[in-house]
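Letter by letter, the chains look like this.
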Amino acid sequence: MDSIGEKIEIINRIVERLEAYLNGLPENKWSVPSQCDLWEVGDVVSHLAGGAKRQADSMVKGRQGVAEAPTNFPTPDASTMSTGNARRDIEQRRNLGNNLFKAYVSNHTELYDLLKSFSAKEWDTPCWHARRGAIPAKDYVDLRLQELVIHDWDIRASIDSDVNLDEEGSLALLSVAQTWLSMTFRPGREVPQDICFRFLVDQQPAYSHDVISNGSTFKIKPVSATDPQITINCDSDSYLLLVYGRILASDKETVSRINTQGEDSLLQYFEEWFKGL
């Protein structure tokens, strides 16, 4: 996709659409278990609201020349950080109470205004990120896009199973997904030889790729002449839901969404080594 400005407008459109959806959501639906592990719908809203605020704060500090970790910032592993973040956002929801919806709206309004204020030469400004350290400001646009496309689906699919990812947002997210996938690798059981998992994305060949791993290391590469041990054919929605851990390729309920060739049992390794954060 295209320009940073286009991504910012997609972000704002999803924010506003979800705002309208949440504004009409019955109170009892806020406590429905979401498609995101550990969270109810209201907890996902809390996560989005808090993430928008933390991103804005980090980008403001980056503009001021501050891109270092906060004092005494811990460096926990991925599992510990994910669990801690889940607890943080549940607690924030409890603290905000009836002000949660207001916080979602106001925090995203503040972030949108900030994103719009960045000039072309500022997008390389280093800004602090808890998982990745100092990243260019433009990467925060991709991260917010990612958060909204996936968590918008988490919320709506919890209420109505017959929903898809935002069409425009998912197309933009395809360019981010491989970076996300690389961040989710967690070393696990090792195998004697590398396993090549080939992802073929229907009608989006530019985003097809190989994931090669033996359980201790991994590589993500363009599709090569090497014969993979397993090939996963899927549309862009199913690919993204797989990469972001919302569906499992090894789950029988997913069979209708994907088509595999090769040793299906190897999918269990992929799902053990690459887990959502």
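Anything mentioned here points back to the structure above.
Residues numbered from 1 in each chain as written. Predicted model: local features only at pLDDT ≥ 70, side-chain atom pairs only at ≥ 80, totals over all residues. Heavy atoms only, no water.

(A) Here's a closer look at empty space enclosed by the protein. All chains considered together, the criterion is met by one cavity of 30 Å³ or more. If you trace the largest cavity, you find it lined by Ile11, Asn12, Val15, His108, Leu111, Tyr112 and Leu115. Within the residue set of the lining of the largest cavity, elements represented by two or more residues are helix H1 (4–23) and helix H4 (100–117). Residues that form the lining of the largest cavity fall into these classes: five nonpolar, two polar and no charged. (1 Å grid on protein atoms, 1.4 Å probe; cavity = no way out; pocket = protein on both sides within 12 Å on 5 of 7 lines; lining within 4 Å. Points joined across faces, edges and corners; volume = space filled by probe spheres on them. Helix = DSSP H or I, 4+ residues; strand = E, 2+ residues; numbered from the N terminus. Nonpolar A, V, L, I, M, F, W, Y, C, P; charged D, E, K, R; others polar.)

(B) Inspection of the pattern of salt bridges at higher detail. Going through the model one piece at a time under the given rule, you end up with 20 salt bridges. The residue Arg17 makes a salt bridge to Asp166 at a minimum N-O spacing of 3.2 Å. Here Arg17, found in helix H1, pairs with Asp166, found in the loop between helix H5 (137–159) and helix H6 (167–183); they are 149 residues apart in sequence, far enough to count as distant. For Asp57, the salt bridge is made with Lys53, and the minimal N-O distance between the two is 3.7 Å. Separated by four residues within a single helix, Asp57 and Lys53 lie in helix H2 (residues 41–63), roughly one turn from each other. In this structure, a network of salt bridges that share partners links the residues Arg13, Arg17, Asp152, Arg156, Asp166 and Glu168. (Salt bridge = Lys/Arg side-chain N within 4 Å of Asp/Glu carboxyl O.)

(C) How the structure looks around the state of the cysteines. In total, this model carries zero disulfides according to the counting rule given. Cysteine Cys196 shares no disulfide, and the gap to the nearest cysteine sulfur, in Cys234, comes to 14 Å. What makes Cys196 buried here is its relative accessible area of 5%. Judged by its relative accessible area of 0%, Cys234 is buried. (Disulfide = S-S within 2.5 Å. Buried < 20%, exposed > 50% of the residue type's maximum accessible area, 1.4 Å probe, protein only.)

(D) Inspection of the layout of surface pockets at higher detail. Taken as a whole, the second largest pocket holds about 310 Å³ of empty space. In this structure, the second largest pocket is lined by Leu22, Asn23, Leu25, Glu27, Trp30, Ser31, Gly42, Arg93, Gly97, Asn98, Leu100 and Phe101. Here the lining of the second largest pocket is built from residues that sort into five nonpolar, five polar and two charged.

(E) Structural view of the pairing of strand S4 (residues 209–213). Among the five residues in S4, five count as buried, and that is most of the element. Here S4 shows no split at all, with His209, Val211 and Ser213 on one side and Asp210 and Ile212 on the other all buried. Two elements, strand S3 (residues 195–201) and S4, share five bridges in a ladder whose sense is antiparallel. Along S4, the bridge assignment pairs Ile195 with Ser213. When S4 meets strand S5 (residues 218–221), the two strands line up antiparallel, connected through four bridges. Each residue of the ladder has a partner; that of Ser213, found in S5, is Phe218. Hairpin connection from S4 to S5: four residues lie between these consecutive antiparallel strands, with Gly215 at a positive phi of about 105°. (Pairing = 2+ DSSP bridges.)

(F) Region of the structure containing unusual backbone geometry. The residue Leu38 is not glycine, and still its phi comes out positive at about 80°. Looking at the element boundaries, Leu38 is found in the loop between H1 and H2. The residue Gln203 is not glycine, and still its phi comes out positive at about 65°. Within the secondary structure layout, Gln203 lies in the loop between S3 and S4.

(G) Broad picture of the packing of aromatic side chains. The final tally for this structure, using the stated rule, is 11 aromatic pairs. Taking the centre distance of 5.1 Å and the plane angle of 20° together, the rings of Trp180 and Tyr244 count as stacked. Residue Trp180 is found in helix H6, and its partner Tyr244 is found in the loop between helix H7 (236–243) and strand S7 (258–262); the two are separated by 64 residues along the sequence. Taking the centre distance of 4.7 Å and the plane angle of 40° together, the rings of Phe185 and Phe218 count as tilted. With Phe185 in the loop between H6 and S3 and Phe218 in strand S5, this residue pair connects regions lying 33 residues apart in the sequence. For Phe218, a relative accessible area of 28% translates into the label partly exposed. One aromatic cluster is present, formed by Phe185, Phe197, Phe199, Phe218, Tyr239, Tyr269, Phe270, Trp273 and Phe274 through successive ring pairs. Here Arg63 stacks its cationic end above the ring of Phe118, 4.2 Å away from the centre of that ring. (Phe/Tyr/Trp six-rings, centres within 6.5 Å; stacked < 30°, edge-to-face > 60°. Lys NZ or Arg CZ within 6 Å of the ring centre and 35° of its normal.)

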